[in-house]
Amino acid sequence: MPKTKVLLSFTLIVTVVVMLFTAATPALMDGATSTPAPTITHVPAVAKPDGAIEVTFWYGLGGLIGNVVQDTINKYNTSQSKYYIKAIFQASYDDTINKINAGLASGDLPNLVQVFDAGTQRMVDTGKVLLMQDLFERDKLTSVLDDLEPAVRQSYTIGGKLVSAPFNSSTAMLYINRAAFKAAGLDPDKKFWTYAEIRDAAKKLTVKGDDGKVKQYGITLYPESWFFEQMHAAHDVVMGTPDNGRTTRMIQYTYNDALSVDYFNWQKSMVDDGSALYFGPSNGATASPAAFATGQAAMLFNSIASLRTLIANATRANAGVDVGTIFLPRRTADDKFRTVVGGASLWITTTGTKDQQEGAWDFIKWELTPEIQAFWSSNTGYYPVLKKAYDTQTMKDALVKYPQFQVAIDQLRLSDITPAGSFHVSGTFVSMRADVNKATDDFLSGKVPTAKEALDKAVAASNEKLTDYNASIQK
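Remember, it's a predicted structure, so these values are computed and weren't measured experimentally.

Chemist: What exactly am I supposed to notice about the overall build of the protein here?
Modeler: Broken down by element type, the protein carries 19 helices and 16 strands. Here the C-alpha radius of gyration of the protein, 22 Å, is about what a compact globule of 475 residues would show, namely 23 Å. Taken along its principal axes, the extent of the C-alpha atoms in the protein is 70 × 45 × 40 Å. A total of 475 residues make up the protein; the buried ones form 57% of that total. Contacts spanning at least 24 positions in sequence make up 78% of the contacts within the protein whose residues lie at least 6 apart. For the protein, the exposed surface amounts to about 18,400 Å²; the carbon and sulfur share of it is 54%. Averaging the locations of the 46 positively and 48 negatively charged side chains of the protein gives two centres separated by 3 Å.

Take a look at the structure:
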């Protein structure tokens, strides 16, 4: 290889490695299975006051956002002296729920825990959590419930009752390189695009060099069930019955539907025509954002919580990428339903003393205030879960600095709330995501010839595990 090519390759490798190891989030898709965050200097906890009641808190956000978690807890701990929140970092969302499952037998459970959306049914099924609705009503805080972002409140409401307290909330976006859109004669300010329009845009955005090789793909894709789930909400189609598990326990997955077939075929059409840069399940979650930030791909599916990371990485890469956001694409111009809330919520366990439970509840009441929500959102990229947070100057300033964020808010408020518009609830949510990711890769990589065949295999596997789980709970 010529020396110049070696140097260029080395420079690209260093750029990507630096980007990946300075990411601000534990995983760039907030609804997805989290991966351990890179090691950075951690914000230290403030000292515990003498006589304060200690409340253990497990959380799974690492990296720079993990530091904001500790900053937030430090704010609470210094705001009063009765309670002391002791934050204990878990490696990821998955590790947190796995440790909870193990702790059910050993009794090693925290007083307060952050659990991602996929763990909701399992937390309910433990029988060792306090119902959040009861605490709000006990303390006559229905005004706080009424101020919750409707989509967020509904997401953590099961059987008509709020089961946990929203903490970090996000939704999925289609990120675009505004500069590339302008160069291709496309409108970067157009929020709503159909599948067909995005496919045509991807072709126009695909640029080849003088050597005939693609130097900019229209879009980068990889297997990620969270996007698949978002598409169901955006088209008001449930993932399973009855009612996405929202009114009663879910008994069957139904995601091998016409919508899913169309979504798979739409992605495959771009892979086949060369306008999509496809990464497999082993590296897609990191390689795709890196490809976008370096200008190798002009569109990317990701969480709104990744906005600041992507902007920072694009700036660092200095490849002329101007980060923008648009709604997730839809099959037709009439499919204008809201997207799913991702992220995690807080649960109070029945572990420990009554005083520790009250300490956990005191922290939740404190974090569900407009000022703290604005602080949290402005420093992380998650959106506030309280509507009044948008009235604070902190949040107003954040929206001026990051106008792309408004698209996420608008997308969450597109339509009335339906069962399909909130994430589904099942005890095998995590394993279902693995089944969907396998089906995605099997089809997009050509291992399975049709989308329907890949989806049928996946839903059969998901339903077998769901049936077994439900049977084990009902014993």
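This is not the end of the story, as more comes after the structure.
Chemist: Where do I start with the packing of aromatic side chains in this structure?
Modeler: Here a ring pair, both rings aromatic, is described through the centre-centre distance and the interplanar angle of the planes. Tallied over the full model, the rule gives 27 aromatic pairs. With centroids separated by 6.5 Å and ring planes inclined at 35°, the aromatic side chains of Tyr 195 and Tyr 263 adopt a geometry described as tilted. Here the residue Tyr 195 occupies a position in helix H9 (residues 195-205), and Tyr 263 occupies one in helix H11 (residues 258-272), the gap between them amounting to 68 residues. Tyr 263 carries the same exposure label as Tyr 195, and that label is buried. When the ring of Phe 228 is compared with that of Tyr 263, the centres are 6.4 Å apart and the planes differ by 45°; the resulting orientation is tilted. Taken together, the residues span a long stretch of sequence, with Phe 228 in helix H10 (residues 225-234) and Tyr 263 in helix H11 at a distance of 35 residues.

Chemist: Honestly, unusual backbone geometry in this entry has me stumped. Any pointers?
Modeler: Comment: phi is negative for the bulk of residues other than glycine, and the bulk of peptide bonds are trans. Of note, the bond from Thr 241 into Pro 242 is cis; its omega dihedral lies within 30 degrees of zero at -5°. In this fold, Pro 242 is placed in the loop between strand S11 (240-241) and strand S12 (252-253). Of note, the phi angle at Asn 244 is positive, near 60°, even though the residue is not glycine. Mapped onto the secondary structure, Asn 244 falls in the loop between S11 and S12. With relative accessibility at 2%, the residue Asn 244 sits in the buried group.

Chemist: Sorry, what's going on with the pairing of strand S14 (residues 299-303) here?
Modeler: The side chains of a regular strand alternate, residue by residue, between the two faces of the sheet. Most of S14 is tucked away, with 5 of its 5 residues classed as buried. Neither face of S14 is exposed, since Met 299, Phe 301 and Ser 303 on one face and Leu 300 and Asn 302 on the opposite face are all buried. When strand S7 (residues 172-177) meets S14, the two strands line up antiparallel, connected through 5 bridges. Directly across from Met 173, in S14, lies its bridge partner Asn 302.

Chemist: Explain the packing of H11 against helix H18 (residues 429-444) to me, please; I cannot follow it from the model alone.
Modeler: To characterise two packed helices, one gives the angle between the axes of the helices and the distance between these axes. One way to put it is that H11 packs onto H18 with a least axis distance of 10 Å and a crossing angle of 40°. One finds that H11 runs oblique with respect to H18. By crossing handedness, the relation of H11 to H18 is classed as right-handed. Within the contact between the two elements, H11 uses Phe 264, Asn 265, Gln 267, Lys 268 and Val 271 and H18 uses Val 436, Ala 439, Thr 440, Phe 443 and Leu 444. In terms of residue class, the contact of H11 with H18 is built from 6 nonpolar, 3 polar and 1 charged.

Chemist: When you look at the packing of H10 against H18 in this model, what are you seeing that I'm missing?
Modeler: Relative orientation of the contacting elements H10 and H18 amounts to 95°, with a least axis distance of 9 Å. Put simply, H10 runs roughly perpendicular to H18. Contact with H10, carried on its side by Ser 225, Trp 226, Phe 228 and Glu 229, involves Phe 429, Met 432, Arg 433, Val 436 and Asn 437 of H18 and no other residues of that element.

Chemist: Would you explain the sheet that holds strand S2 (residues 83-89) in this entry?
Modeler: Strand-to-strand pairing in sheets goes through backbone hydrogen bonds, with the strands running parallel or antiparallel. Pairing is mixed in the open sheet, where 5 strands are placed in the order S2-S1-S3-S16-S6. What marks the edges here is a single partner per strand, and that holds for S2 and strand S6 (165-170). Averaged over all pairs of adjacent strands, the angle between strand axes in this sheet comes to 20°, irrespective of strand direction. Strand direction decides the pairing type here: strand S1 (residues 53-59) and S2, joined by 7 bridges, are parallel. Bridge pairing in S2 links Glu 54 to Tyr 84. Together, S1 and S2 form the strand contacts of helix H2 (residues 63-79), whose direction differs from that of S2 by roughly 170°.

Cut-offs and rules
- Residues numbered from 1 in each chain as written.
- Predicted model: local features only at pLDDT ≥ 70, side-chain atom pairs only at ≥ 80, totals over all residues.
- Heavy atoms only, no water.
- Helix = DSSP H or I, 4+ residues; strand = E, 2+ residues; numbered from the N terminus.
- Rg over C-alpha atoms; globule rule 2.2 N^0.38 Å.
- Buried < 20%, exposed > 50% of the residue type's maximum accessible area, 1.4 Å probe, protein only.
- Contact = heavy atoms within 4.5 Å.
- Areas by Shrake-Rupley, 256 points an atom, 1.4 Å probe, with all protein chains shown as cover.
- Lys, Arg positive; Asp, Glu negative; His and termini not counted.
- Charge placed at Lys NZ, Arg CZ, Asp CG, Glu CD.
- Phe/Tyr/Trp six-rings, centres within 6.5 Å; stacked < 30°, edge-to-face > 60°.
- Pairing = 2+ DSSP bridges.
- Axes fitted to C-alpha atoms, helices over the stretch in contact; angles between N-to-C directions.
- Parallel < 35°, antiparallel > 145°, perpendicular 65-115°, else oblique.
- Left-handed = near helix turned anticlockwise from the far one by under 90°.
- Nonpolar A, V, L, I, M, F, W, Y, C, P; charged D, E, K, R; others polar.

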